[in-house]
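# Analysis of the macromolecular model
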Amino acid sequence: MNNNEEIIRLLKEKEDFISGAEIANTMKVTRTAVWKRINILREKGYTMEASPAKGYKLLKSPDLSIEEIRGSISGWSMIIGREIIFFDTITSTNTYAMELAEKGYPEGTIIIADAQTGGKGRLGRKWLSPQGKNLYMSIILRPAIPPRDAAILTLMSAVACASAIKRISSVPASIKWPNDLMVSDRKLGGILTEIKADMDRIFHAVIGIGININLEIEDMPDEIKICATSIKNETGNAQSRTLIAVEIINELDRWYSMLLNIGKKPVIAEWLKLSSTIGRAVKVTVGNNVFTGIAETIDEEGMLMLKLPDNTVKKISAGDVAILR
Ligand code: BTN
């Protein structure tokens, strides 16, 4: 735990004024060092009351607090979040995480940013990433699974995100194959998995998670307005990005351990439960081809099994699904 996290932990634990001397004693630093840290934390968006007689009291945390995320997950996380790196602004957390993975950063390292200038979506699209609104997070994994099973990492992440969003915000999030987080027919978030692999093994994978949390519909460009939503738009209330991030990390840690220890089956079973695609009439666009049929299920490798009008089943590995009413 670094000094910022330690001060936040002490202030949160006390829930009242705590004297500068007590903080300094506990942390074994000078009172001047405490005062300097408090000012740094204020600049990071923490609201503190300071009284010469009583000390400091934490009134409000920023809605994305790296100190609180680190403080909340230390202790229980097995793999995910052993190291968390935070940026105010970055080009893309995925691009940076791939660079760090290449340099040998450990499995479980997380990159979180408050804004992205070059956020990437699936199929070469851009991902809208304004400051102070949403969650942009990438995680480095080094799973000992064959490259043909890589899609399970995306399915697992979609399961973790949908479960976390449901639990924290009560928004009824579902998954549209393969990795869109949806509320009814509007997109709430998405997952972009990038991997480096050869024929036999995955060297590393990066799971990129983007979730619209407090984004207002009027802040979206017109082409997105009609098909996207955010947790705030669904509930009418701003949601803490810290709480959502902690719950996603918690869920990812649980599902990743399950995947490594038990295998793909529980992940696929949970994905099927959370899916809004299976059993529906859908139109799937794969490059220049369009297929219409019933989305029957997904196979062991996460491919969509589409039953065509002539009753044959087409396996689809990547594409865009539109649910037909
Ligand atoms: C999609 O197209 O549905 C996937 C969107 C993934 C966006 C996230 S935001 C964090 C991470 N960094 C990126 O550049 N993209 C992913």
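Structure's up top.
What you see is a predicted model; the values in this text were computed from it and never measured. (Residues numbered from 1 in each chain as written. Predicted model: local features only at pLDDT ≥ 70, side-chain atom pairs only at ≥ 80, totals over all residues. Heavy atoms only, no water.)

Looking now at the layout of surface pockets. The calculated volume of the largest pocket comes to roughly 720 Å³. Taken together, 38 residues line the largest pocket, and the ones lying closest to its centre are Arg125, Lys126, Trp127, Asp180 and Lys187. Elements with a minimum of two residues in the lining of the largest pocket: helix H5 (93-102), strand E5 (135-141), strand E7 (180-183), strand E8 (186-197), strand E9 (202-211), helix H7 (222-225) and strand E14 (320-323). Sorting elements by how many residues they give to the lining of the largest pocket places E8 first, with four residues. For the lining of the largest pocket, a count of residues per class yields 15 nonpolar, 13 polar and ten charged. Each of domain 2 (66-274) and domain 3 (281-323) accounts for three or more of the residues forming the lining of the largest pocket. Of the pockets and cavities examined, the second largest pocket occupies roughly 440 Å³. (1 Å grid on protein atoms, 1.4 Å probe; cavity = no way out; pocket = protein on both sides within 12 Å on 5 of 7 lines; lining within 4 Å. Points joined across faces, edges and corners; volume = space filled by probe spheres on them. Helix = DSSP H or I, 4+ residues; strand = E, 2+ residues; numbered from the N terminus. Nonpolar A, V, L, I, M, F, W, Y, C, P; charged D, E, K, R; others polar. Domains from an automatic or database assignment.)

Our next topic: the packing of aromatic side chains. We describe a pair of aromatic rings using the distance from one ring centre to the other and the angle between the two ring planes. Scanning the entire structure with this criterion turns up one aromatic pair. Ring centres 5.0 Å apart and planes at 80° place the aromatic pair phenylalanine 87 and tyrosine 96 in the edge-to-face group. The class of phenylalanine 87 is partly exposed, set by a relative accessible area of 22%. A relative accessible area of 25% means that tyrosine 96 is categorised as partly exposed. (Phe/Tyr/Trp six-rings, centres within 6.5 Å; stacked < 30°, edge-to-face > 60°. Buried < 20%, exposed > 50% of the residue type's maximum accessible area, 1.4 Å probe, protein only.)

Let's shift gears to the packing of helix H1 (residues 3-14) against helix H3 (residues 31-43). One way to put it is that H1 packs onto H3 with a least axis distance of 10 Å and a crossing angle of 90°. Viewed along their axes, H1 and H3 adopt a mutual orientation that is roughly perpendicular. Residues Asn3, Asn4, Ile7, Ile8 and Leu11 of H1 form the contact with H3, whose participating residues are Val34, Arg37, Ile38, Ile40 and Leu41. (Axes fitted to C-alpha atoms, helices over the stretch in contact; angles between N-to-C directions. Parallel < 35°, antiparallel > 145°, perpendicular 65-115°, else oblique. Contact = heavy atoms within 4.5 Å.)

Our focus in this paragraph is the site of the ligand. Close to the ligand lie 20 residues, the nearest being Ser92, Gln116, Lys120, Arg122 and Lys187. Take serine 92: an N or O atom from its side chain is 2.8 Å from an oxygen atom of the ligand. Contacts to the ligand include glutamine 116, whose side-chain N or O atom sits 2.9 Å from a nitrogen atom. Look at the ligand: alone it shows 420 Å² of surface, and the protein chains cover 99% of it. When each cavity is represented as a set of grid points, the ligand is found to reside in the largest pocket. Elements supplying a minimum of two residues to the shell around the ligand: H5, E5, E8 and E9. Top element by residues in the shell around the ligand is E8. It accounts for four residues. For the shell around the ligand, a count of residues per class yields six nonpolar, ten polar and four charged. (Near = heavy atom within 4 Å. Polar contact = N/O pair within 3.5 Å; in protein donor to acceptor, adjacent residues only side chain to side chain. Areas by Shrake-Rupley, 256 points an atom, 1.4 Å probe, with all protein chains shown as cover. Sits in = over half its atoms within 2 Å of the grid points.)

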